[in-house]
Structure formats: C-alpha cells, structure tokens
Amino acid sequence: TVDLAPGTRIRLVDAGATRHRLALDRGRMEAVIWAPPGQFLVETPSAVAVDLGCRYTLEVSESGAGVLHVTAGWVGFAHRGRRALVPAGAMASTRPGAGPGTPYLDDASRGVVAALEVIDFGSDRGEARAAALAEVLAAAREADALTLWHLLARVDAGERGLVFDRFAHLVPPPPGVSRAGIVNGDPRMLDAWWNVLGLGDTADWREWTSPWSSETPGGTR
C-alpha cells in the first residue's frame, strides 16, 4: 500500500508480474510492502529506493533532493553504483548528481546530520570537511556503527584511518580485520566487520542487492 500526501506528484513506471516501479517526482509518500525483496522500487530524481520488506516514508523537494526514513525492515537506496542499506530506525538523504548519502539513526543530533551533509554533498574537501568528519566521529555511539561502516567506503583513503580508529573503539573488529586492510578498502574485511553488527549477513545482502546495485532513476544501469 502507498499513501500520498496532498500535492504529491507520482507516476507508475512499471507494473510487471515480478516488479512494480513508481517515480516520485515531488511530495511525500508512505509505503508498506509485504513482498519478496527487490520487487517494489520507487525512483526519485536522485536515487532509487528498493524495498527489502519494509515500511518507510520518502520525501522529495522541488529541487529533487530527498529524505528516506525507514520504520520497519530495510530499504536499499542506489544511484550509479553508490548505495546505502537503511534499516528500521534510520534515515538517508539524497541529492541530484550525488545519489544517496550516509545513513544515520533517526535520533542523531542536528549537528551530526549537518556534518554528514558536508561529507556527502559538500564541495569543500578541506577544513570544512575535516571538521565535519571530526564532529561525526566524536559524537558516534555504538548504535551509530551503521553510519561508521558506510563512511569507510565513502571517505578518502587519508580519512579512512580516522574512521577505523573510532569504529574499532566502539565495535572491535573481528579476527582477520586489520587497520591496514580497511584503509586499503579490502572488501572482505568490510564484509566481516558488517557481519558482527547484528544487521544480517553480507552474503544475504549481496544476493538481495546485486540486481539493484547499479540502479539509476529511469531504470537504467
């Protein structure tokens, strides 16, 4: 079921036997989905939301910027290979030309949310970005492991060690995961660390998300 707020503009893109696809041009929708993962998709001007069995709200502004808020289950957010896995109790922003930002818990402070905006969508790669990353790391709680894990794949190599150190303090890495490997972007180590977060096994996520990992608005890959 999909409930729409007044003034929402939404289009039906596909209603096939195995996949339903809508396009939310602007406004706000709430979706409740009971279907196998990956069968219900919603395009926005800057990312595609892929249902993994969930309930969520999705808002899109006139500029094409969007905010996803998941209240049950999981939603995948993807644009040209950039993706985010957003569980219940978490949110993610998206911007035209950039795709989905780093997921964060819905009780994150305004300072952390603003700092993630700078990291994900800001044009300043200097002092402003460094200050934003420092704020996120200083405020991070054990519950914010989701955010830190996503940041490891989003920050520059020179910043990755800082994220590792804070992440390791909150959630010790499992055997076989090293600082050097994470800084070098070792995917096996990233997967192993994800698997100790209590958020499911990466083997399952890869099976469910591989079909949409390259999704873009308009259904292209």
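Refer to the preceding data block for the structure.
Residues numbered from 1 in each chain as written. Predicted model: local features only at pLDDT ≥ 70, side-chain atom pairs only at ≥ 80, totals over all residues. Heavy atoms only, no water.

A. Region of interest: the overall build of the chain. Across its full length, the chain holds seven helices and 10 strands. Relative to the globule expectation of 17 Å for 221 residues, the C-alpha radius of gyration of the chain, 17 Å, shows essentially globular dimensions. Counting only C-alpha atoms and orienting by the principal axes, one finds that the chain spans roughly 45 × 35 × 30 Å. Within the chain, the fraction of its 221 residues that count as buried is 47%. Considering only residue pairs separated by 6 or more positions, the chain has 43% of its internal contacts joining residues 24 or more positions apart. For the chain, the distance from the average position of its 22 positive side-chain charges to the average position of its 26 negative side-chain charges is 4 Å. (Helix = DSSP H or I, 4+ residues; strand = E, 2+ residues; numbered from the N terminus. Rg over C-alpha atoms; globule rule 2.2 N^0.38 Å. Buried < 20%, exposed > 50% of the residue type's maximum accessible area, 1.4 Å probe, protein only. Contact = heavy atoms within 4.5 Å. Lys, Arg positive; Asp, Glu negative; His and termini not counted. Charge placed at Lys NZ, Arg CZ, Asp CG, Glu CD.)

B. Representation of the packing of helix α1 (residues 110–121) against helix α2 (residues 127–139). Direction vectors running N to C along α1 and α2 enclose 140°, while the axes themselves pass 8 Å from each other. Between α1 and α2, the angle is such that the two are oblique. Considering only the axes of α1 and α2, their crossing is left-handed. For the pair α1 and α2, the contacting residues are G111, V112, A115, L116, V118 and I119 in the first and A128, R129, A132, L133, E135, V136 and A139 in the second. Residues that form the contact of α1 with α2 fall into these classes: 10 nonpolar, one polar and two charged. (Axes fitted to C-alpha atoms, helices over the stretch in contact; angles between N-to-C directions. Parallel < 35°, antiparallel > 145°, perpendicular 65-115°, else oblique. Left-handed = near helix turned anticlockwise from the far one by under 90°. Nonpolar A, V, L, I, M, F, W, Y, C, P; charged D, E, K, R; others polar.)

C. Highlighting the pattern of salt bridges. Following the criterion strictly, the structure yields 12 salt bridges and no others. Where E62 meets R26, a salt bridge forms, and the shortest distance between an N and an O atom there is 3.5 Å. Residue E62 is found in the loop between β5 (48–60) and β6 (66–79), and its partner R26 is found in strand β3 (residues 20–32); the two are separated by 36 residues along the sequence. What makes E62 exposed here is its relative accessible area of 66%. Given the relative accessible area of 26%, R26 is considered partly exposed. (Salt bridge = Lys/Arg side-chain N within 4 Å of Asp/Glu carboxyl O.)

D. Focus on the packing of aromatic side chains. According to the stated counting rule, one finds four aromatic pairs in the structure shown. For the pair W74 and W194, a centre-to-centre distance of 6.1 Å together with 50° between the ring planes defines the contact as tilted. Pair noted here: W74 is in strand β6 and W194 is in helix α6 (residues 187–194), with a separation of 120 residues, a long-range link. Per residue, the accessibility class of W74 equals that of W194, and both read buried. Ring plane angle 15° and centroid distance 4.0 Å describe the contact between F167 and W193, whose orientation is recorded as stacked. Taken together, the positions of F167 in helix α4 (residues 157–170) and W193 in helix α6 put the pair 26 residues apart, joining distant regions of the chain. W193 matches F167 in its accessibility class, with the two residues each being buried. Connected via pairs of aromatic rings, a cluster forms that spans W74, W149 and W194. (Phe/Tyr/Trp six-rings, centres within 6.5 Å; stacked < 30°, edge-to-face > 60°.)

E. Quick look at the environment of V42. Inspection of the secondary structure assignment puts V42 in strand β4 (residues 40–43). Separated by 18 residues in the primary sequence, V42 and L24 place their C-alpha atoms 6.6 Å from one another. If near-sequence neighbours (up to four positions away) are discounted, V42 is found in contact with L22, L24, M29, A47, V48, A49, Y56 and L58.

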